[in-house]
Amino acid sequence: MVRQILIWPDPILKQKARPVARVDDSLRTLVQDMFETMYAAEGVGLAAPQVGVLQRVIVLDTRPRQPESQPLAMINPEIIALEGKTTYTEGCLSIPGEAEDVDRAAVVTVKFLDPEGREQTLTCDGLLAIAVQHETDHLNGTVFVDHVSTLKRELIRKRMKRVKASREERASV
């Protein structure tokens, strides 16, 4: 099921997500819904708070730009190592039409549970490393515009309020 993606500055996007206590069928349904939602929006990553669920779950699929990668669902992801530095022009499904340069680590190692509840550790680079950091930020109540200047952030906030108002207006018709 495709879920509605919250538009920043929705207050839910500023909240810290809770750890998942149990990996079960309802969580696997959430993961499936998140993949469907991400693909429908043509994104490469999505965090549960973006669909209004305050749980530590992210889905990623960077195959459009990293054909060797695989779709990933990470439950309770924890970045355990960061290496190097890179700057990447990031966008966000919760901030449609906007993109800004963000400084990130070039390589990340992340520990997480897969949808079967098995612990995994993955070291990633390129777009996948960026996406892991971006989506993990969402779990901590941070969006990519929190990494840019106050002026840019406020200009984007005004544009997003118009996008949100337009969406609500269409929904009420």
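Here the structure is a predicted model, which means the values were calculated and not measured.

Asks: I'd like to hear about the pairing of strand β3 (residues 72-83), residue by residue, with values.
Replies: Remember that side chains alternate between the two faces of the sheet whenever the strand is regular. Pairing of strand β2 (residues 57-60) with β3 involves four bridges; the strand directions are antiparallel. Bridging from a neighbouring strand, Ile58 pairs with Met74 of β3. Where β3 and strand β6 (residues 107-113) come together, six bridges link them in antiparallel fashion. Among the inter-strand pairings, Glu83 is bridged to a residue of β6, identified as Val107.

Asks: Residue-level account of the environment of Leu122, with values.
Replies: As for its position among the elements, Leu122 is in strand β7 (residues 119-125). Along the sequence, Leu122 and Val108 sit 14 residues apart, while their C-alpha atoms lie 8.2 Å from each other. In this view, Leu122 contacts Leu72, Met74, Val108, Thr109, Val110, Phe112 and Leu128; residues no more than four positions away in its chain are not counted.

Asks: Before we move on, could you go through the pairing of β2 and cite the residues and values that matter?
Replies: Burial along β2 is two-sided: Val57 and Val59 facing one way and Ile58 and Leu60 facing the other are all buried. Judged from the three bridges that link them, strand β1 (residues 45-47) and β2 form a sheet pairing that is antiparallel. Within β2, the position partnered with Gly45 by the bridge is Leu60.

Asks: Explain the nonpolar core to me, and be specific about the residues and the numbers.
Replies: Formed by 17 residues in total, the largest nonpolar core has its most connected members in Leu30, Met34, Leu46, Val57 and Val59. Residue assignment for this core shows that the elements contributing at least two residues are α1 (25-40), β2 and β3. Ranked by residues supplied to this core, first place goes to α1 with six residues. Core analysis: the second largest hydrophobic core is formed by 16 residues, Ala47, Met74, Ala105 and Val132 among them.

Asks: Tell me about the sheet that holds β3, and please be specific about residues and values.
Replies: Across the sheet, five strands lie side by side as β1-β2-β3-β6-β7; this open sheet has antiparallel pairing. Since the sheet does not close on itself, it has two edges, and those belong to β1 and β7, each with one partner. Between one strand axis and the next, the sheet turns by 40° as a mean value, whatever way the strands run. The sheet contact formed by β6 and β7 spans seven bridges and is antiparallel. Looking at the pairing, Leu113 lines up with Glu119 of β7.

Asks: Outline helix α3 (residues 150-172), supporting the account with residue identities and numerical values.
Replies: Given a rise of 1.5 Å per residue, 23 residues ought to cover 33 Å, and the 33 Å separating the end C-alpha atoms of α3 matches this to within 8%. Turning to α3, its buried residues are Arg153, Ile156 and Met160. The inward-facing, buried residues of α3 abut β5 (95-104).

Asks: Got a sec to walk through the packing of aromatic side chains? Specific residues and values, please.
Replies: By the definition in use, this model includes one aromatic pair. For the pair Phe35 and Tyr39, a centre-to-centre distance of 5.9 Å together with 20° between the ring planes defines the contact as stacked. Linking Phe35 with Tyr39, this pair stays in helix α1, spanning four residues, or about one helical turn. For Tyr39, a relative accessible area of 38% translates into the label partly exposed.

Asks: Please give an account of helix α2 (residues 126-139) that cites residues and values.
Replies: The terminal C-alpha atoms of α2 lie 21 Å apart, and with 14 residues this matches the ideal 20 Å at 1.5 Å per residue to within 8%. With 13 of 14 residues buried, α2 lies mostly within the body of the structure. The first or second residue beyond α2 is Gly141, which carries a positive phi of 80°.

Asks: A description of unusual backbone geometry should follow, citing residues and the corresponding values.
Replies: Negative phi values dominate among residues other than glycine, just as trans dominates among peptide bonds. Going from Trp8 to Pro9, the amide bond is cis rather than trans, its omega being 15°. Checked against the element boundaries, Pro9 lands in the segment before α1. Phi at Glu42 takes a positive value of approximately 60°, unusual for a residue other than glycine. Along the chain, the position of Glu42 falls in the loop between α1 and β1.

Scoring rules and cut-offs
Here the residue numbers are simple positions, counted from 1 along each chain's written sequence. For a predicted model such as this one, the threshold for reporting local features is a pLDDT of at least 70, and the threshold for listing and counting side-chain atom pairs is 80 or more; totals across whole chains, interfaces and linings nevertheless cover every residue. Side-chain measures were taken over the full set of non-hydrogen atoms in the model, leaving aside hydrogen atoms and water. What makes two strands pair is DSSP finding at least two bridges between them. A helix here means a DSSP run of H or I that spans at least four residues, while a strand means a run of E at least two residues long, and both kinds are numbered starting from the N terminus. Two residues form a contact once any of their heavy atoms are found within 4.5 Å. Accessible area is worked out with a 1.4 Å probe on protein chains only. A residue is then buried under 20% of its type maximum, exposed over 50%, and partly exposed in between. Residues belong to a common nonpolar core when they are buried Ala, Val, Leu, Ile, Met, Phe, Trp, Tyr or Cys residues joined through side-chain atoms within 4.5 Å. Lines fitted to the C-alpha atoms define the axes, with helices restricted to the stretch that makes contact. Angles between their N-to-C directions range from 0 to 180 degrees. A helix is expected to span 1.5 Å multiplied by its residue count minus one. Side-chain rings of Phe, Tyr and Trp, where Trp is taken by its six-membered ring, are said to pair if the distance between their centres is within 6.5 Å; with planes under 30 degrees apart they count as stacked, over 60 as edge-to-face, and otherwise as tilted.

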